[in-house]
Amino acid sequence: MHAADRQKPVFRFAPSPNGFLHLGHALSALINQEMAGRFEGRLLLRIEDIDQTRCRPEFVHEIFRDLAWLGLEWEEPVRHQSNHIGEYQAALAKLEALSLLYPAFLTRGEVKARVAASEAAGRPWPRDPDGAPIYPPDDRNRSPAERAQLLAGGLRHAIRLDMRKALALIGEPLTWRETGDGAAGIITADPGAWGDVILSRSDAPSSYHLSVVVDDAAQGVTHVVRGLDLFHATAVHRLLQVLLGLPEPDYHHHRLVPGPDGRKLSKSEGSTGLAALRAAGVSPAEIREMLGF
Ligand code: GLU
């Protein structure tokens, strides 16, 4: 990196290699490219492969291929999350030192059963902004002795953030600077709406939320440009940034590309996959046109 580059705004496109890229990813990559150009900034690519149960190396290869075909240019080396597990563990240790973490033993099935029983009894279960049930308070409320006993028994567990303690610790209202397609301006962040978010799982050493804030800081990202589906997740990212003493980037959440049925695109949607479109003879210029560039 040249000395002059240190002052430049830094953008990043951060796909997860758990499927093929589709038009929604192309839109995000191209908006990042367009904004990096407009702000005379740098564009980084990050491979978000922390969840090795879902990510596959062949998809990483396809990501490079699709993006190069689209005409995206990014700096080398590309950061792969799987190479930085120690950094996420260090961030987790910082939060642990603040007594903000606890081991969470309930399985997904147990939570589901609990929610179903409550709803069957006419008591709606609180849900997060993505519609997933808020984690029950059982594990948060365990005594240290009980916790130690369960851990000694080798029970599989995740690590969760004690949201109430975290909010009490920061004590200040959280906000972020937004320039995107929904609301623009200073947005009030409501991380509490997510409950006790998961920060590490027995089969994945760090969660999306934790890795993304550690990475954005490590890579000096100044502008986070991504889809509106991650708008509300920004509240959790801001909370983690404050707790970990990390800088605050600007955020730009852009419109999503609707699927044929009007819903959000998923990675299994072959017809909008970039590789499938390329194989069908669609050109990168036509992709840009389809996306309104
Ligand atoms: N890896 C995430 C995804 O593919 C994007 C994360 C982000 O841009 O913050 O949806």
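Everything below is about the structure shown above.
We now turn to the structure provided with this report. Quick caveat: nothing in here was measured; it's all calculated off a predicted structure.

Each value, and the rule that gives it
Residues numbered from 1 in each chain as written. Predicted model: local features only at pLDDT ≥ 70, side-chain atom pairs only at ≥ 80, totals over all residues. Heavy atoms only, no water. Salt bridge = Lys/Arg side-chain N within 4 Å of Asp/Glu carboxyl O. Helix = DSSP H or I, 4+ residues; strand = E, 2+ residues; numbered from the N terminus. Buried < 20%, exposed > 50% of the residue type's maximum accessible area, 1.4 Å probe, protein only. Near = heavy atom within 4 Å. Polar contact = N/O pair within 3.5 Å; in protein donor to acceptor, adjacent residues only side chain to side chain. Nonpolar A, V, L, I, M, F, W, Y, C, P; charged D, E, K, R; others polar. Phe/Tyr/Trp six-rings, centres within 6.5 Å; stacked < 30°, edge-to-face > 60°. Lys NZ or Arg CZ within 6 Å of the ring centre and 35° of its normal.

### A look at the pattern of salt bridges
Stage number 1. In total, this model carries 19 salt bridges according to the counting rule given.
Stage number 2. Glutamate 248 is the salt-bridge partner of arginine 238, the closest N and O atoms lying 3.4 Å from each other. Taken together, the positions of arginine 238 in helix H8 (residues 233–244) and glutamate 248 in the loop between H8 and strand E10 (250–254) put the pair ten residues apart, joining distant regions of the chain.
Stage number 3. Owing to a relative accessible area of 7%, arginine 238 belongs among the buried residues under this scheme.
Stage number 4. Among the charged side chains, a network of salt bridges with common partners joins Arg12, Arg46, Glu48, Arg79, Glu87, Asp215 and Asp216.

### A few points about helix H7 (residues 208–218)
Since the α-helix turns once every 3.6 residues, residues separated by three or four places project in the same direction.
Stage number 1. The element H7 is extensively covered by neighbouring structure, given that eight of its eleven residues are classed as buried.
Stage number 2. Following H7 by one or two positions, glycine 220 has its phi on the positive side, about 65°.

### Here we look at the site of the ligand
Stage number 1. Residues in contact with the ligand, as listed here, are Arg12, Ala14, Pro15, Ser16, Glu48, Tyr208, Val212, Arg226 and Leu230.
Stage number 2. For the ligand, a nitrogen atom lies 2.6 Å from a polar atom in the side chain of glutamate 48.
Stage number 3. Within the contact set of the ligand, an oxygen atom lies 2.9 Å away from a side-chain nitrogen or oxygen of tyrosine 208.
Stage number 4. Each residue belonging to the shell around the ligand can be placed in one class, and the counts come to five nonpolar, one polar and three charged.

### Notes on the packing of aromatic side chains
For any pair of aromatic rings, the description consists of the separation of the ring centres together with the inter-plane angle of the planes.
Stage number 1. Per the counting criterion, the structure on display carries four aromatic pairs.
Stage number 2. Here phenylalanine 11 and phenylalanine 39 contribute two aromatic rings whose centre-to-centre distance is 5.8 Å and whose plane-to-plane angle is 50°, an arrangement assigned as tilted. On the criterion of sequence distance, the pair formed by phenylalanine 11 in strand E1 (residues 10–13) and phenylalanine 39 in the loop between helix H1 (23–38) and strand E2 (42–47) is long-range, its members being 28 residues apart.
Stage number 3. Overall, the relative accessible area of 0% leaves phenylalanine 11 in the buried class.
Stage number 4. A residue is classified by how much of its surface remains accessible, and phenylalanine 39, at 36% relative accessible area, is partly exposed.
Stage number 5. A ring pair is formed by phenylalanine 20 and phenylalanine 59, whose centres lie 5.0 Å apart and whose planes are at 90°; its orientation type is edge-to-face. Of this pair, phenylalanine 20 sits in the loop between E1 and H1 while phenylalanine 59 is found in helix H2 (residues 57–70), placing the two residues 39 residues apart along the sequence.
Stage number 6. Look at phenylalanine 59 and you get buried, because its relative accessible area is 16%.
Stage number 7. Positioned above the aromatic ring of tyrosine 135, the side-chain terminus of arginine 160 is 3.9 Å from the ring centre.
Stage number 8. Positioned over the ring face of tryptophan 69 is arginine 278, at 5.3 Å from the centre of the ring.

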